[in-house]
Amino acid sequence: MPLDPTRVGMVTGPHPVTWTDQDSLLYALAVGAGQDDPLAELAFTTENSEGIAQQVLPTFGVVLGLADGLPDVGDFDPTRAVHAEQEFEVDGPIPAAGSGHVVTTVTEIWDKDPHAVMWTESELVDAATGRRLMRSRLGAFFGGAGGFGGERGPSPSWTAPERSPDLEIDFASRPDQALLYRLTGDRNPLHADPSFAARGGFERPILHGMCTYGWVARLLVNRLGGGEVSALRAMAGRFTRPVLPGDPLRLVVWRDGDEGRFRVLTPAGDVVIDRGRFELNGSPAPEGASG
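Read on for an overview of the structure. Keep in mind it's a predicted model, so treat the numbers as computed, not measured.

Cut-off values and rules
Residues numbered from 1 in each chain as written. Predicted model: local features only at pLDDT ≥ 70, side-chain atom pairs only at ≥ 80, totals over all residues. Heavy atoms only, no water. Helix = DSSP H or I, 4+ residues; strand = E, 2+ residues; numbered from the N terminus. Rg over C-alpha atoms; globule rule 2.2 N^0.38 Å. Buried < 20%, exposed > 50% of the residue type's maximum accessible area, 1.4 Å probe, protein only. Contact = heavy atoms within 4.5 Å. Areas by Shrake-Rupley, 256 points an atom, 1.4 Å probe, with all protein chains shown as cover. Lys, Arg positive; Asp, Glu negative; His and termini not counted. Charge placed at Lys NZ, Arg CZ, Asp CG, Glu CD. Pairing = 2+ DSSP bridges. Axes fitted to C-alpha atoms, helices over the stretch in contact; angles between N-to-C directions. 1 Å grid on protein atoms, 1.4 Å probe; cavity = no way out; pocket = protein on both sides within 12 Å on 5 of 7 lines; lining within 4 Å. Points joined across faces, edges and corners; volume = space filled by probe spheres on them. Nonpolar A, V, L, I, M, F, W, Y, C, P; charged D, E, K, R; others polar. Expected span 1.5 Å × (residues − 1).

1. Quick word on the overall build of the protein
Helices and strands together make up the secondary structure of the protein, namely six helices and 10 strands. Relative to the compact-globule value of 19 Å for 291 residues, the protein shows a C-alpha radius of gyration of 18 Å, a close match. By the burial criterion, 48% of the 291 residues in the protein qualify as buried. Pairs at least 24 residues apart make up 75% of the contacts formed inside the protein by residues separated by at least 6 positions. Accessible surface, the protein as shown: approximately 13200 Å² in total, 49% of it carbon and sulfur. Side-chain charges of the protein comprise 25 positive and 40 negative groups, with the mean position of each set lying 4 Å from the other.

Here it is in structure tokens:
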């Protein structure tokens, strides 16, 4: 069941999207905000705490950009389709509630015979101001959907610095984390239905890669951005290994001024998010103490 490479360049949208402060609060909880200390991240988890303005984690914009799903790029086995890579850059804080529209373009379809990879680029624009809120790029892997004779695509270089990480943070989701995260919009049964997960070759439903990705963004905001979401301008990473809800993980960060690289590892040292990159806004902020 190959993908259709003639879909490259296809544009979908603009698709309307609307969100409430409940949606943005739920997203923060879905990526672990408040689990270590319920009072430490009230800016992400409440909208009415005295003296604390609600902030929206930047990765929530990626979720909004996926509200209409992926473009139709041909036939594939849904049990073998996974989110492979994600990049974003924000143009300022995302409102706690609002409306906008999303335009998505299929930018690449690579033939990794017998598999395939598709890249899309989406722009989320605020309806009230016309301001672009986010540009995001998504890479999706489709098992068994290659073999259509297309190009294999590039292999961008990425190497971990040959020095100790500047920051290491151990974290773990809850056993029910995937059931919570799916309420933010990704209802793929791979993350909830044991039978569907088994058909994809997994022992049980796996955690959304975007849950771990959002967790990383939250940790970077807290530890390198002083808890201010505007500190994190851009982030990218490749999902290389499935994670089960409740698995212990470690974020390792190498920082170089306002830029840096990261990986997420299992206790055994296996990489679950690779080729991580991030960019901060402005001068380095002091490390925060939360999550």
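2. Digging into the sheet that holds strand 2 (residues 81-90)
The 10 strands lie next to each other as 1-3-4-5-2-7-10-9-8-6, forming an open sheet whose pairing is antiparallel. At either end of the open sheet lies a strand with only one pairing partner, and these are strand 1 (11-19) and strand 6 (167-172). Strand-to-strand twist in this sheet, taken as the mean axis angle between neighbours without regard to direction, amounts to 20°. Both strand 9 (residues 259-265) and strand 10 (residues 271-280) contribute to a ladder of six bridges, which runs antiparallel. By the bridge assignment for strand 10, E259 is matched with E279. Contacts from helix 6 (residues 209-224) reach strand 2, strand 6, strand 7 (232-239), strand 8 (248-256), strand 9 and strand 10 within the one sheet, and its direction differs from that of strand 7 by about 145°.

3. Considering the layout of surface pockets
Over the atoms rolls a probe the size of a water molecule, and in doing so it shows where empty space is left. One number sums up the size of the largest pocket: a volume of about 1100 Å³. Put simply, the parts of the chain that give the lining of the largest pocket at least two residues each are strand 1, helix 1 (21-30), helix 3 (60-65), strand 2, strand 5 (132-142), helix 6 and strand 10. Here the lining of the largest pocket gets four residues from one element, more than from any other, and that element is strand 2. Taken as a whole, the second largest pocket spans an internal volume of roughly 450 Å³. For the lining of the second largest pocket, the secondary structure elements donating two or more residues are strand 2, strand 3 (98-112), strand 4 (115-126), strand 5, strand 7 and strand 10. Residues belonging to the lining of the second largest pocket are distributed by class as follows: 11 nonpolar, four polar and eight charged.

4. Thoughts on helix 6
The first and last C-alpha atoms of helix 6 sit 22 Å apart over 16 residues, in line with the 22 Å expected at 1.5 Å per residue. The buried fraction of helix 6 is high, at 15 of 16 residues. Looking one or two places after helix 6, you find G226, whose phi comes out positive at around 60°.

5. Thoughts on helix 1
S24, L25, Y27, A28 and A30 are the residues of helix 1 that are buried. On its buried face, helix 1 sits against helix 2 (42-45), helix 3, helix 4 (177-181) and helix 6. Immediately downstream of helix 1, the backbone of G32 shows phi near 95°, a positive value.

6. Thoughts on the side chain of Q177
For Q177, the location among the structural elements is in helix 4. What Q177 contacts, discounting residues up to four positions off in sequence, is L29, A30, V31, G32, Q35, L207, C211, W215 and P245.

7. A word on the environment of L42
Following the sequence through the fold, L42 ends up in helix 2. Separated by 10 residues in sequence, L42 and I52 place their C-alpha atoms 7.4 Å apart. The contact partners of L42, leaving out residues within four places of it in the chain, are S49 and I52.

8. Details of empty space enclosed by the protein
In this structure the tally under the stated criterion is three cavities of 30 Å³ or more. Considered as a void within the structure, the largest cavity measures approximately 80 Å³ in volume. Surrounding the largest cavity, 13 residues form its lining, G65, L66, T120, S122 and L138 being those nearest its centre. Taken together, the elements giving at least two residues each to the lining of the largest cavity come down to helix 3, strand 4 and strand 5. Here the element with the most residues in the lining of the largest cavity is strand 5; it accounts for three residues. Looking at side-chain class alone, the lining of the largest cavity contains five nonpolar, seven polar and one charged residues. Counted as a void, the second largest cavity has a volume near 50 Å³. What lines the second largest cavity is T12, H15, L64, G65, A67, D68, G69, V102 and T104. Taken together, the residues of the lining of the second largest cavity break down into three nonpolar, five polar and one charged.

Limitation: the analysis is restricted to geometry and does not speak to function.
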